[in-house]
Amino acid sequence: MLYSVRMRAAQGGAHELGGKHVSGAERLVGRELLTATVTAMLERALSHSRGAADFTNLVIEAVPARDIQETVCLPVTTIAVTGVIAGRAAAQTELIKAGVAPAAAAAGLAALAGVNGMRGAIIADARTGVRLDTSGQSGIRVSRMDIADEQAYLGWLKSQGYNNTHIREAIVLASKVMAAPGMVAELCWSDDPEYTAGYVATPGGYTRFTHLKPYGSEIGGRIFFVKENTNMDQLIKYLQYQPVLIKVPAEEVRADAVSR
Ligand code: PML
Ligand code: MG
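Just so you know, these numbers come straight off a predicted model, no measurement behind them.

Overview of the overall build of the protein
- Each helix and strand in the protein was counted, giving seven helices and 12 strands.
- The C-alpha radius of gyration computed for the protein amounts to 18 Å, which stays within 12% of the reference 18 Å derived for 260 residues, consistent with globular compactness.
- Its C-alpha atoms put the protein at 50 × 50 × 35 Å along the principal axes.
- For the protein, with 260 residues in total, the buried portion stands at 50%.
- Put simply, 70% of the contacts in the protein that link residues at least 6 apart link residues at least 24 apart.
- In the protein, 26 side chains carry a positive charge and 25 a negative one; their mean positions are 1 Å apart.

In structure tokens, the structure reads:
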């Protein structure tokens, strides 16, 4: 038995009453980590760079082991870019390489540049760039995922020089998203004003770009590009409700253990 712990926090009242989205987090943990996980999420909501939350929603829900799927973690690459313009151009090229039509990739970048305080993701057609979900300002929130073996994961990240919460959580989310049928690519950069890096994920890997937005900007979010004729009800159900644990590839854990 695991517990899904979900947090969303806002300032100026609840999200559904027009409050500004401040922070969100998702974990899938055993009973022994439950109390510490809930406390850490609450602290995060109360001291976030987007502002202190005056509304925090915390949901804790038991998830039976038989419902959990497993999938392998995406390999990660980082591309150092000189600035936002170069970063966005490189991200656009990566999306096109993944099968997103050039106009759809450009529309996705423009849409993300205009996103303001959306706590979930936009889903768009990879061929046309047209938005397919009807979730409006809230977006589709990917939920119920975590890493299967946290120590192995942290070691694997550390061996590649990665150690911040943004990366740790985003790779888990992108790995769940890329395992969805019909998924072509994801484009993301953070809404955290102090974090400028972002990424393009495809079923083949997670490519980070060091600058996808200017420092100080709170405009950020996620777009998932899907193949035409993707069953949207099934996709949204998977993204929101299917519990998924992400595994670090076994040979990489062994190689990392030897090198440490
Ligand atoms: C977020 O934390 O809001 C999204 C993080 C995106 C980039 C993570 C990374 O550095 O790879
Ligand atoms: Mg954030």
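Some details on the environment of D233
- With respect to the helices, strands and loops of the structure, D233 is situated in helix α6 (residues 232–241).
- Along the sequence, D233 and K20 sit 213 residues apart, while their C-alpha atoms lie 27 Å from each other.

Regarding helix α2 (residues 84–98)
- With 15 residues, α2 should reach 21 Å at 1.5 Å per residue; the first-to-last C-alpha distance of 21 Å fits that figure.
- G99 occupies a position one or two residues after α2 and carries a positive phi of about 115°.

A few points about α6
- Those residues of α6 not exposed but buried are M232, L235, I236, Y238 and L239. End-on view of α6: buried residues confined to an arc of 160°, all on one side of the axis. Of the residues in α6, the exposed ones pointing more than 90 degrees away from the buried face are D233, Q234 and K237.
- Those residues of α6 that are buried are in contact with β4 (69–72), β6 (121–125), α5 (165–178), β8 (183–189), β11 (221–226) and β12 (244–247).
- A distance of 3.1 Å separates the backbone nitrogen of D233 from a side-chain oxygen at the start of α6, and that oxygen is part of N231.

Analysis parameters
Residues numbered from 1 in each chain as written. Chains lettered and ligands numbered in written order. Predicted model: local features only at pLDDT ≥ 70, side-chain atom pairs only at ≥ 80, totals over all residues. Heavy atoms only, no water. Helix = DSSP H or I, 4+ residues; strand = E, 2+ residues; numbered from the N terminus. Rg over C-alpha atoms; globule rule 2.2 N^0.38 Å. Buried < 20%, exposed > 50% of the residue type's maximum accessible area, 1.4 Å probe, protein only. Contact = heavy atoms within 4.5 Å. Lys, Arg positive; Asp, Glu negative; His and termini not counted. Charge placed at Lys NZ, Arg CZ, Asp CG, Glu CD. Expected span 1.5 Å × (residues − 1). Arc of directions from axis to C-beta. Polar contact = N/O pair within 3.5 Å; in protein donor to acceptor, adjacent residues only side chain to side chain.

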